[in-house]
Amino acid sequence: MVTRAEASPKLEHKGYNRGLILGLTMAESMLLLVFCLLLVAAAMITAERKQRMVAEQRLVQLETQNMELSARLVEAQSKLGSHITPADRAKFESQWRELVSARQIMDRLKMNDASPADLEKLAAVAKVLAKNNIPLDQAPGKLEEVLKGDVQPREWPPIINLSEAGGYYFTSGSAALTPEFAGKLETSIAEQISDNLERYKVDVVEVIGHTDEQRVARSSSNLDDASIGVIDGRLPVDALQPADNAGLGLARAIAVANVLKANANLKDVTVLPMSAAQLVVPGDKLTAGQAGDVQERRRIEIRIRGRAESLQP
């Protein structure tokens, strides 16, 4: 008996390359990647569209402001009518254009997130550059020169030292000037100060009174009450009665300052009396204690400088 094998269909199972990327086929993976790229592109397009809308809105606002300013200009011109000369009209229009330009610049700075504090700092920097005659477009180059060491250190005004050792005397224990000292202040010393002020282009004179470490033989002082009156000229210098070296140094500085202020060559100069008392020895060093009669320490120092300008408003 011949047994015939039952014919059974043989199925061929072909693989579909699944499991290559997270169980997806290559085609499905590519579709997913394209979808993600489309999402990113859509987000970028949306962001750019928003920025463009903001810029367009800002442009419309600026155009509206310009129209308003132009209308105000026309209205102002109509009000002025024939009451101004052509030269005045041209000056007015120039100033108005500068105002409009300044407002547009402010708007642009605000759009770039510039704060009022930033503008104040920029204004202070511009002021310093102008004071030193440095054009704004040359500022970076000048800064490079400074960093390279090509610029020489600034020359400072000399200090004028008027000590008893040099023949500049006060009456012992008081602020009264001897006639010889007063005469030199009014002539040669005032001329020297004036020349230095002109040379260094400054306008402040500091008069600093120094003493030695001998005690002042007086129990009470009237400087709180009388010093302003002496500076104003309502009281004589002899009215000052200091009770310590700090007061004596200030009283003598006031006496010298009053003579300098009265000089015609120094009429537009600010003269500031100050006291260093017995604390600073010649050579700008603090004392370590030096008792006794030391003529070199009893002195007036005259220093000139530019006016202090704060960067803060």
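Above this text is the structure in question.
Residues numbered from 1 in each chain as written. Predicted model: local features only at pLDDT ≥ 70, side-chain atom pairs only at ≥ 80, totals over all residues. Heavy atoms only, no water.

Caption draft 1: Main features of the overall build of the protein. Looking only at helices and strands, the protein has 7 helices and 6 strands in total. Counting from the amino terminus, the protein carries its helices and strands in the arrangement α-α-α-α-β-α-β-α-α-β-β-β-β. Burial status across the protein gives 26% buried among its 313 residues. Long-range pairs, those at least 24 residues apart, make up 69% of the contacts in the protein with a sequence separation of at least 6. Accessible surface computed for the protein: about 22,500 Å², of which carbon and sulfur atoms make up 57%. (Helix = DSSP H or I, 4+ residues; strand = E, 2+ residues; numbered from the N terminus. Buried < 20%, exposed > 50% of the residue type's maximum accessible area, 1.4 Å probe, protein only. Contact = heavy atoms within 4.5 Å. Areas by Shrake-Rupley, 256 points an atom, 1.4 Å probe, with all protein chains shown as cover.)

Caption draft 2: Structural context of the packing of helix 6 (residues 223-232) against helix 7 (residues 245-261). Here helix 6 crosses helix 7 at 10 degrees, and the two axes come no closer than 10 Å. Considering their axes alone, helix 6 and helix 7 lie roughly parallel with respect to each other. The two elements helix 6 and helix 7 cross, and the hand of that crossing is left-handed. Here Leu223, Ser227, Val230 and Ile231 of helix 6 lie close against helix 7, whose contacting residues are Gly247, Leu250, Ile254, Asn258 and Lys261. Here the residues of the contact of helix 6 with helix 7 are counted per class, giving 5 nonpolar, 3 polar and 1 charged. (Axes fitted to C-alpha atoms, helices over the stretch in contact; angles between N-to-C directions. Parallel < 35°, antiparallel > 145°, perpendicular 65-115°, else oblique. Left-handed = near helix turned anticlockwise from the far one by under 90°. Nonpolar A, V, L, I, M, F, W, Y, C, P; charged D, E, K, R; others polar.)

Caption draft 3: Just helix 7, in detail. Given a rise of 1.5 Å per residue, 17 residues ought to cover 24 Å, and the 24 Å separating the end C-alpha atoms of helix 7 matches this to within 8%. Within helix 7, 14 of the 17 residues are buried, which leaves the element mostly enclosed by the surrounding structure. (Expected span 1.5 Å × (residues − 1).)

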